[in-house]
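Each chain, letter by letter, is given below.
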Amino acid sequence: MANILVVGSMNMDIVTRVDRLPVPGETLHGLGTGFHAGGKGGNQACAAARSGAKVAMAGGVGTDAFGIEICRKLEDEGIDTTAIARKPETTGIALITTDFSGENNIILSPGANYSYGGDDLEALVLSPYDVILLQNEIPGSVNRRIIDRAVAAGVPVCMNPAPVTGFDRDQLRGIRLLIMNETEAEALSGMRIVSFKEACSAGRLLLEDGIPQLIITLGSQGAVYMDGDGNIIEIPAYPVEAVDTTAAGDTFIGAFASAYYAGKELADSLQYASAAAAITVSAPGAQSSIPVIEQVNAFLEQAGS
């Protein structure tokens, strides 16, 4: 069983479904609105826990009803929430609009996610963990401090540079594994990506920066793993009908970390993560759509993997 620390964001996702995404200045009638615990940090923690990992979550939430509900839901998953700091402000909120094809637009208001740091951060003990998962929905200064301390403690860091806008490339220093989608890989490499071949070209460029391992997810095209030793593994996506892509990347990351850092073979871990992400896009919501390990194994068995 992998022992994972997630330091990152926790939001309440307010999701409205529409026939199609609006153009600028347009008002559309929604087809229903739901409230779902989310945030990239919380989603990845939930995905890792449901795939069998022992997970602790660190970050900031408000003292409002959303913050209380988010912590309750994480605890229901068996996630250790003692390192979550309750801040006297609004919990992070994501306003999400999703169309029938599963595509979405997201506006993120970070709230208490940006108040985590200082004494909260220094109180964390990193050495017991097999891996630390980070994203870019909390201040870069917090991520940099975690990376520096993790390097000193000999704990590998998995970085997800999302959202990529405003991402500080200095955060790549000291990470073991970089996991990103094609948009993030384009932004970091400066290369256009529409295929595995172009993803590999962008990946080689990023590996030259000294990153030991990386994964680029390509949506319906699957994903590609690359490392500094020249290994390349292409992972086809499982064909499913997309309902909501909101937490697909987070599910892939949490599921992969749970499998890989528990000692599962690399190729098998990638295949497991791809299956978990496929199940996630087949259902609405963020954490509510993330599968448990039994669902993923049954999916793989049915797919003949």
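A brief structural summary. Note that the coordinates shown come from a computational prediction; the quantities given were computed from them, not determined experimentally. (Residues numbered from 1 in each chain as written. Predicted model: local features only at pLDDT ≥ 70, side-chain atom pairs only at ≥ 80, totals over all residues. Heavy atoms only, no water.)

1. Let's talk about the layout of surface pockets
Inclusion rule: Only protein atoms enter the calculation, which uses a 1 Å grid: trapped sets of points that fit a 1.4 Å probe without letting it out are cavities, open sets showing protein on both sides within 12 Å along at least five of seven lines are pockets, and any residue with an atom within 4 Å of a point is a lining residue. Grid points are joined across faces, edges and corners, and a volume is the space filled by probe spheres set on the points. Numbering of helices and strands runs from the N terminus; a helix is a DSSP stretch of H or I covering at least four residues, while a strand is a stretch of E covering at least two.
Its boundaries defined by the atoms lining it, the largest pocket holds a volume of some 1400 Å³. Along its surface, the largest pocket is lined by 46 residues, and N181, T245, T246, A248 and G249 are the ones closest to its centre. Mapped onto the lining of the largest pocket, the elements with two or more residues apiece are strand 2 (11-17), helix 1 (40-50), strand 6 (92-98), strand 7 (104-109), strand 10 (177-181), helix 5 (182-189), helix 7 (248-260) and helix 8 (266-281). The biggest single contributor to the lining of the largest pocket is helix 7, with five residues.

2. A word on the pattern of salt bridges
Quick note on the threshold: A carboxyl oxygen of Asp or Glu within 4 Å of a side-chain nitrogen of Lys or Arg is what we treat as a salt bridge. For every residue, the accessible area obtained with a 1.4 Å probe (protein chains only) is divided by the maximum for its type, and the residue is called buried under 20%, exposed over 50%, and partly exposed between those limits.
Evaluated as defined, the whole model comprises twelve salt bridges. Residue D168 pairs with R144 through a salt bridge whose shortest N-O separation is 2.8 Å. Here the residue D168 occupies a position in the loop between strand 9 (157-159) and strand 10, and R144 occupies one in helix 4 (residues 140-153), the gap between them amounting to 24 residues. Overall, the relative accessible area of 27% leaves R144 in the partly exposed class. Taken together, the shared-partner salt bridges connect E69, R72, K73 and D76 into one network.

3. Re the sheet that holds strand 6
One key point about sheets: their strands pair by backbone hydrogen bonds, in either a parallel or an antiparallel sense. Operational definition: At least two bridges found by DSSP between two strands is the condition for calling them paired. Simply put, an axis is a line fit to the C-alpha atoms, just over the touching stretch for a helix, and the angle between two N-to-C directions goes from 0 to 180 degrees.
Taken together, four strands build an open sheet; the order of strands is 3-2-6-7 and the sheet is mixed. Edge positions in the open sheet fall to strand 3 (33-38) and strand 7, since each of these has one partner strand only. Each neighbouring strand pair of the sheet contributes to a mean axis angle of 20 degrees, computed without reference to strand direction.

4. Brief notes about the sheet that holds strand 11 (residues 213-217)
The criterion, for reference: Note on definitions: a residue-residue contact is assigned when non-hydrogen atoms from the two residues lie within 4.5 Å.
Ordered by their spatial adjacency, nine strands build an open sheet running 5-4-1-8-9-10-11-12-13, and the pairing between neighbours is mixed. Either end of the sheet is taken by a strand with one partner, and the two such strands are strand 5 (80-87) and strand 13 (232-235). Looking at each pair of strands side by side, their axes are set apart by 15 degrees on average, direction ignored. Here four bridges tie strand 1 (residues 3-7) to strand 8 (residues 131-134), and the two strands are oriented parallel to one another. In the sheet register, V6 faces strand 8, and the bridge partner there is L133. Here helix 2 (residues 65-76) sits on the sheet in contact with strand 4 (54-62) and strand 5, set at roughly 175 degrees to strand 5. In the packing of helix 6 (residues 196-207) onto the sheet, contacts are made with strand 10, strand 11, strand 12 (223-227) and strand 13, and the angle to strand 12 comes to roughly 30 degrees.

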